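Listed below, chain by chain, are the residues.
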Amino acid sequence: MSDISETRQSRSTERVAQGLAAYVPALSRSIERYLDSRLPYPRPPERQLALLRYVAEHDGATVHEAADALVMKPNNVSALVTRLTEAGLLERHQDETDKRVAHLHVTAKACQRISEADTVATHRLSSALRTLTDGDLDALGSALGALRALAERLHDHDV
């Protein structure tokens, strides 16, 4: 690759990185504020919500498995599990062969809250997306695969 094309690619990469760093948190904050105003209960903090989502997708996961997947320290995940268990959102079931290991399961209450939050967030995003041009909507749709790949790469570098 020539120096000129490397410089262009570097500038393009930098521009995309700056845009993502600016707009992704702004989108997230906007959705969080909307959820806070629409849900009839306090929205769990992001780390708690991440743990609930992980366990909902990986029923029976252990604290260590969740910590690895979420790139968190096991003692921090354990503290979150305690809070979520006390709130009635998670259950711990002791492993039959190794009593030191607990398997995590979301409760019906947690499933309902995750579903409600997803429905409210999806409604908010759908409303905003309907105001965009077809070209903008197509561009965002085309970018979903790349955003997923980027999230996976960032996660792989965190591990």
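One can find the structure itself at the top, above this paragraph.
About the criteria used
- Residues numbered from 1 in each chain as written.
- Predicted model: local features only at pLDDT ≥ 70, side-chain atom pairs only at ≥ 80, totals over all residues.
- Heavy atoms only, no water.
- Phe/Tyr/Trp six-rings, centres within 6.5 Å; stacked < 30°, edge-to-face > 60°.
- Lys NZ or Arg CZ within 6 Å of the ring centre and 35° of its normal.
- 1 Å grid on protein atoms, 1.4 Å probe; cavity = no way out; pocket = protein on both sides within 12 Å on 5 of 7 lines; lining within 4 Å.
- Points joined across faces, edges and corners; volume = space filled by probe spheres on them.
- Helix = DSSP H or I, 4+ residues; strand = E, 2+ residues; numbered from the N terminus.
- Nonpolar A, V, L, I, M, F, W, Y, C, P; charged D, E, K, R; others polar.
- Salt bridge = Lys/Arg side-chain N within 4 Å of Asp/Glu carboxyl O.
- Buried < 20%, exposed > 50% of the residue type's maximum accessible area, 1.4 Å probe, protein only.
- Core = buried A, V, L, I, M, F, W, Y, C linked by side-chain atoms within 4.5 Å.
- Contact = heavy atoms within 4.5 Å.

(A) Structural detail: the packing of aromatic side chains. Summed over the entire model, instances satisfying the criterion amount to zero aromatic pairs. The cationic tip of arginine 113 hangs over the ring face of tyrosine 41; the distance from NZ or CZ to the ring centre is 4.0 Å.

(B) Structural detail: the layout of surface pockets. Here the largest pocket is characterised by a volume of approximately 2,200 Å³. Around the largest pocket, the lining comprises 46 residues; the ones closest to its centre are Val24, Leu27, Ser28, Ile31 and Leu147. Contributions of two or more residues to the lining of the largest pocket are made by helix 1 (3-38), helix 2 (46-57), helix 3 (63-70), helix 5 (108-129) and helix 6 (134-158). In terms of residues, the lining of the largest pocket owes the most to one element, helix 6, which gives 13 residues. By residue class, the composition of the lining of the largest pocket is 29 nonpolar, six polar and eleven charged.

(C) Looking closely at the pattern of salt bridges. Going through the model one piece at a time under the given rule, you end up with four salt bridges. The salt bridge involving aspartate 36 is made with arginine 43; its shortest N-O contact spans 3.0 Å. Note that arginine 53 is salt-bridged to aspartate 118, the shortest N-O span being 2.7 Å. Taken as a pair, arginine 53 in helix 2 and aspartate 118 in helix 5 lie far apart in primary sequence, 65 residues in all. Residue classification places aspartate 118 among the partly exposed positions, given a relative accessible area of 31%. A cluster of three or more residues bridged by salt bridges with shared partners is formed by Glu32, Asp36 and Arg43.

(D) Geometry of the nonpolar core. Counting residues in each nonpolar core, the largest one holds 19 residues, and the members touching the most others are Leu51, Leu52, Val55, Val77, Val81 and Leu90. Beyond its immediate sequence surroundings of up to four residues, leucine 52 is in contact with Pro44, Leu84, Leu89, Leu90, Val106, Ala110 and Ile114. Within the second largest apolar cluster, six residues are counted, among which are Ile31, Leu39, Ala117 and Ala121.

(E) Fine view of unusual backbone geometry. With a phi angle near 55°, valine 71 is a residue other than glycine that sits in the positive phi range. As for its position among the elements, valine 71 is in the loop between helix 3 and helix 4 (74-86).

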